[in-house]
Amino acid sequence: MSEEIKKLKEQLFYKKRSVYEVRDDAQIEAAMRFAEGYAKFLDESKTEREAVAAGIRILKSKGFKPYKLGDNVKPGDKLYIDNRGKSLLAFVIGTESLECGIRISAAHVDSPRLDLKQHTIYEDGGFGYLKTHYYGGIRKYQWTTIPLALHGVVIRADGASISVNIGEDENDPVFCITDLLPHLAKDQATKALDSAFTGEGLNILVGSRPYATKDEPFDTKSPDERVKLAILKALYDKYGITENDLISAELSAVPAGKARDIGLDRAMLGGYGHDDRVCAYPILMAIAELEAPAHTAMCIFADKEEIGSEGNTGMKGRLLADVISELSKTLGADEHIVRANSICLSADVAAGFDPLYPEVFEKSNSAICGCGVVLTKFTGSRGKSGTNDASAETVARMRRIFDEAGVVWQTAELGKVDQGGGGTVAMYIANHNIDTIDLGVPVLSMHAPFEIISKVDLYEAYLAHVAFNNK
Ligand code: MN
Ligand code: MN
């Protein structure tokens, strides 16, 4: 190839860059250290409630104070709203007029899991089980034969809130859904994956020792729900709750155990709930360090994204609009102008290209792990249906911000056209007349009990949000 053609190609072709070719060793080390804080956050944030609580702990340590709708605010204030313990808005009031717009970053903190039904405990064949109703898009077979922990709250009729967390401490028991042995799986093995495992079949093994006393020993001939009784007795002894109380409970079975480094080089992190805590953590850390920025910055931990963002803790809810309205009122700004000039990074994960399954990806438009944070113009399915298709102007604005700050970023869509699809909270925020675009970290095995990310991508996401907040 002649020098001329080589030069021309360099000038005209797009080239995806790896973080490892752009960053020096000290920067890579910084990324590895950042991931340690993230791994800790991941371990303590397995439900949206836990993520909100962990987020508030971090915000408080950085001087953030609780805010109520209607409170007066002034530039430099660092505030947060705890929305029913399940979603969170944090913001730092800027020194410029609110009408210059707010820099919003929004991630979700709910993840696919197995919620317990309200009538959940039953006994069969000498075993105690919990019935579940799965939450979000799971591949059901992945949730069998792995250790599960129970997380959540039980609200007693008197209003007392009891937190439940069983299965994370190494001395705790864990729970499990059984599967067939291969020796007897002939029929199951020939079924399609989506019919071989059913939602009603995802019942969790929680006990096997019948309740017995000296006077009334266990009798196999009339088992009499003694295993169920023993389980309820254990719950009563530990938490003071009865079967009735489980009606007003939000208990979820999630994969038990901590996030772990992946690989001999420890460059990746495996864990439950990267989608979307791998974006929630960097947006939180980026806002937590802001001191009196020019533009007001806001960070959102949303609930319910995995089931359609409905309700008053999801992004279809009114809270964001109400907060902007109240802030506008107290700062003497017109809320419509504030929204029109605001811009949002919908921080959600991308599907990382997986060389074991290349057939579902179109490689040139796929997110490559290790190539930085992913800017996604649109999501959706079947011809961009159900998406916020960000404007080219918004894409250009982000390119400028990231390139000026030296952020390593790439652009991608989910996979091959018509192979499937997905959505994020982007469209619900854009519907408020706010320019919005998706930005996130590539994930392997998305929605599996154990998802994988590259630590350098996580760090580039953080740097991207820092650049965004300061621009
Ligand atoms: Mn997500
Ligand atoms: Mn998801």
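A. Region of the structure containing the overall build of the protein chain. A count of helical and extended segments in the protein chain gives 13 helices and 22 strands. Against the 2.2 N^0.38 benchmark of 23 Å for 471 residues, the protein chain shows a C-alpha radius of gyration of 24 Å, consistent with a compact globule. Overall size of the protein chain, expressed as C-alpha extent along the three principal axes, is 90 × 65 × 40 Å. Expressed as a percentage of its 471 residues, the buried residues of the protein chain come to 52%. Excluding contacts between residues fewer than 6 apart, the proportion of contacts in the protein chain whose partners are at least 24 apart in sequence is 75%. Total accessible area on the protein chain stands at roughly 22,400 Å², and carbon and sulfur atoms take up 52% of it. Side-chain charges of the protein chain comprise 55 positive and 68 negative groups, with the mean position of each set lying 1 Å from the other.

B. The arrangement of the sheet that holds strand S1 (residues 65-66) in detail. The nine strands are arranged S1-S2-S3-S13-S4-S14-S20-S16-S18 in an open sheet whose pairing can be described as mixed. Where the open sheet ends on each side, the last strands, each with one partner, are S1 and strand S18 (409-411). The pairing of S1 with strand S2 (residues 78-83) spans two bridges and is classified as parallel. Of the residues in S2, the one forming a bridge with Lys 65 is Leu 79. Helix H13 (residues 455-469) contacts strand S4 (102-108), strand S13 (296-302), strand S14 (343-347), strand S16 (373-376) and strand S20 (435-440) of the sheet and is inclined by roughly 155 degrees relative to S4.

C. Representation of the coordination of the manganese ion (ligand 1) in the model. Coordination of the manganese ion (ligand 1) by the protein is provided by His 108 (NE2), Asp 275 (OD), Asp 348 (OD) and Asp 348 (OD), with metal-donor distances spanning 2.1 to 2.6 Å. Sequence positions of the residues that donate to the manganese ion (ligand 1) give the spacing H-x166-D-x72-D. In this structure, the manganese ion (ligand 1) lies 3.3 Å away from the manganese ion (ligand 2), the two metals sharing Asp 275 as a donor. With His 108 in strand S4 and Asp 348 in the loop between S14 and strand S15 (350-351), this pair connects stretches of sequence that are 240 residues apart.

D. Quick peek at the pattern of salt bridges. Summed over the entire model, instances satisfying the criterion amount to 28 salt bridges. With a closest N to O distance of 2.9 Å, Glu 168 and Lys 46 form a salt bridge. Note that Glu 168 is positioned in the loop between strand S8 (161-166) and helix H5 (186-189) and Lys 46 in the loop between helix H3 (25-43) and helix H4 (48-61), a separation of 122 residues in sequence. A salt bridge links Glu 404 to Lys 471; the shortest N-O distance between them is 3.1 Å. Highlighted residues: Glu 404 in helix H11 (residues 392-405) and Lys 471 in the segment after H13, separated in sequence by 67 residues. By relative accessible area, Glu 404 is classed as exposed at 54%.

Rules of the game
- Residues numbered from 1 in each chain as written.
- Chains lettered and ligands numbered in written order.
- Predicted model: local features only at pLDDT ≥ 70, side-chain atom pairs only at ≥ 80, totals over all residues.
- Heavy atoms only, no water.
- Helix = DSSP H or I, 4+ residues; strand = E, 2+ residues; numbered from the N terminus.
- Rg over C-alpha atoms; globule rule 2.2 N^0.38 Å.
- Buried < 20%, exposed > 50% of the residue type's maximum accessible area, 1.4 Å probe, protein only.
- Contact = heavy atoms within 4.5 Å.
- Areas by Shrake-Rupley, 256 points an atom, 1.4 Å probe, with all protein chains shown as cover.
- Lys, Arg positive; Asp, Glu negative; His and termini not counted.
- Charge placed at Lys NZ, Arg CZ, Asp CG, Glu CD.
- Pairing = 2+ DSSP bridges.
- Axes fitted to C-alpha atoms, helices over the stretch in contact; angles between N-to-C directions.
- Donors = N, O, S within 2.8 Å, 3.2 Å for Na, K, Ca; no water.
- Salt bridge = Lys/Arg side-chain N within 4 Å of Asp/Glu carboxyl O.

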